[in-house]
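Structural features, examined
Chain by chain, the residues run as shown.
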Amino acid sequence: PANFKLRGFVASGEGQGLFYLQVGAGTTKYVYRTSIADKNAQVVLPNPETIPSSTNLFLKVDNENGNSVNYEGVVIGE
(Lines give C-alpha, C1' and ligand atoms only; values in the text may rest on other atoms or scores of the structure.)
Protein backbone atom coordinates (compact mmCIF):
# COMPACT_ATOMS: atom_id res chain seq x y z
CA PRO A 1 0.00 0.00 0.00
CA ALA A 2 1.02 3.63 -0.37
CA ASN A 3 3.11 5.00 2.51
CA PHE A 4 3.84 1.53 3.92
CA LYS A 5 6.29 1.65 6.83
CA LEU A 6 8.32 -1.47 7.53
CA ARG A 7 8.71 -2.37 11.22
CA GLY A 8 10.47 -5.74 10.78
CA PHE A 9 9.42 -9.38 10.81
CA VAL A 10 8.64 -12.30 13.07
CA ALA A 11 9.05 -15.92 12.04
CA SER A 12 9.51 -19.42 13.43
CA GLY A 13 9.95 -22.99 12.34
CA GLU A 14 10.39 -26.57 13.41
CA GLY A 15 14.13 -26.47 12.77
CA GLN A 16 17.16 -24.23 12.47
CA GLY A 17 16.96 -21.65 9.70
CA LEU A 18 18.35 -18.42 8.32
CA PHE A 19 15.51 -15.92 7.82
CA TYR A 20 16.09 -12.88 5.66
CA LEU A 21 13.99 -10.00 4.41
CA GLN A 22 14.67 -8.80 0.89
CA VAL A 23 13.57 -5.34 -0.24
CA GLY A 24 13.28 -4.41 -3.90
CA ALA A 25 15.27 -6.39 -6.45
CA GLY A 26 16.52 -9.10 -4.09
CA THR A 27 18.56 -6.82 -1.79
CA THR A 28 18.86 -8.50 1.61
CA LYS A 29 18.35 -5.90 4.35
CA TYR A 30 17.64 -7.83 7.57
CA VAL A 31 18.75 -11.30 8.70
CA TYR A 32 18.10 -13.54 11.71
CA ARG A 33 19.39 -17.07 12.32
CA THR A 34 17.39 -19.41 14.52
CA SER A 35 18.72 -22.46 16.31
CA ILE A 36 17.32 -25.71 17.66
CA ALA A 37 17.26 -24.10 21.13
CA ASP A 38 15.63 -20.83 19.92
CA LYS A 39 13.31 -21.37 16.95
CA ASN A 40 11.79 -17.87 16.93
CA ALA A 41 13.10 -15.00 14.81
CA GLN A 42 12.18 -11.42 15.61
CA VAL A 43 13.55 -8.31 13.95
CA VAL A 44 11.90 -5.07 15.11
CA LEU A 45 13.24 -1.80 13.77
CA PRO A 46 13.51 1.07 16.27
CA ASN A 47 12.25 3.48 13.58
CA PRO A 48 9.89 2.41 10.78
CA GLU A 49 11.41 2.40 7.29
CA THR A 50 9.26 3.90 4.52
CA ILE A 51 8.89 1.51 1.58
CA PRO A 52 7.60 2.84 -1.77
CA SER A 53 4.34 1.18 -2.87
CA SER A 54 5.95 -0.29 -6.01
CA THR A 55 8.67 -2.11 -4.02
CA ASN A 56 8.57 -5.88 -3.45
CA LEU A 57 9.19 -7.37 0.00
CA PHE A 58 10.19 -11.02 0.36
CA LEU A 59 10.59 -12.90 3.64
CA LYS A 60 12.63 -16.02 2.90
CA VAL A 61 14.24 -18.82 4.91
CA ASP A 62 17.12 -21.18 4.23
CA ASN A 63 16.47 -24.52 5.91
CA GLU A 64 19.62 -25.40 7.87
CA ASN A 65 18.03 -28.41 9.54
CA GLY A 66 18.88 -30.99 6.87
CA ASN A 67 15.39 -32.45 6.48
CA SER A 68 11.84 -31.34 5.66
CA VAL A 69 10.42 -29.00 8.29
CA ASN A 70 7.83 -26.23 8.32
CA TYR A 71 8.52 -22.49 8.62
CA GLU A 72 6.23 -19.48 8.77
CA GLY A 73 6.62 -15.75 9.16
CA VAL A 74 5.05 -12.34 8.68
CA VAL A 75 6.31 -8.90 7.75
CA ILE A 76 5.34 -6.22 10.29
CA GLY A 77 4.32 -2.80 9.04
CA GLU A 78 2.11 0.17 9.59
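Just so you know, these numbers come straight off a predicted model, no measurement behind them.

Re the pattern of salt bridges
One pass over the structure, following the stated rule, counts three salt bridges. The salt bridge involving glutamate 64 is made with arginine 33; its shortest N-O contact spans 2.8 Å. Of the two residues, glutamate 64 is situated in the loop between strand E5 (57–63) and strand E6 (71–77) and arginine 33 in strand E3 (residues 27–33); the sequence distance between them amounts to 31 residues. Residue classification places glutamate 64 among the partly exposed residues on the basis of a relative accessible area of 31%.

Quick word on the sheet that holds E3
Reading across from one edge, E3-E2-E5 is the order of the three strands in this open sheet, with antiparallel pairing throughout. For this open sheet the edge positions go to E3 and E5, each flanked by a neighbour on one side alone. Put simply, the sheet's adjacent strands are angled 20° from each other on average, direction ignored. Of the strand pairs in this sheet, strand E2 (residues 17–23) and E5 are connected by seven bridges, and their pairing is antiparallel. Opposite leucine 18, over in E5, you have aspartate 62 as the bridge partner.

Cut-offs and rules
Residues numbered from 1 in each chain as written. Predicted model: local features only at pLDDT ≥ 70, side-chain atom pairs only at ≥ 80, totals over all residues. Heavy atoms only, no water. Salt bridge = Lys/Arg side-chain N within 4 Å of Asp/Glu carboxyl O. Helix = DSSP H or I, 4+ residues; strand = E, 2+ residues; numbered from the N terminus. Buried < 20%, exposed > 50% of the residue type's maximum accessible area, 1.4 Å probe, protein only. Pairing = 2+ DSSP bridges. Axes fitted to C-alpha atoms, helices over the stretch in contact; angles between N-to-C directions.

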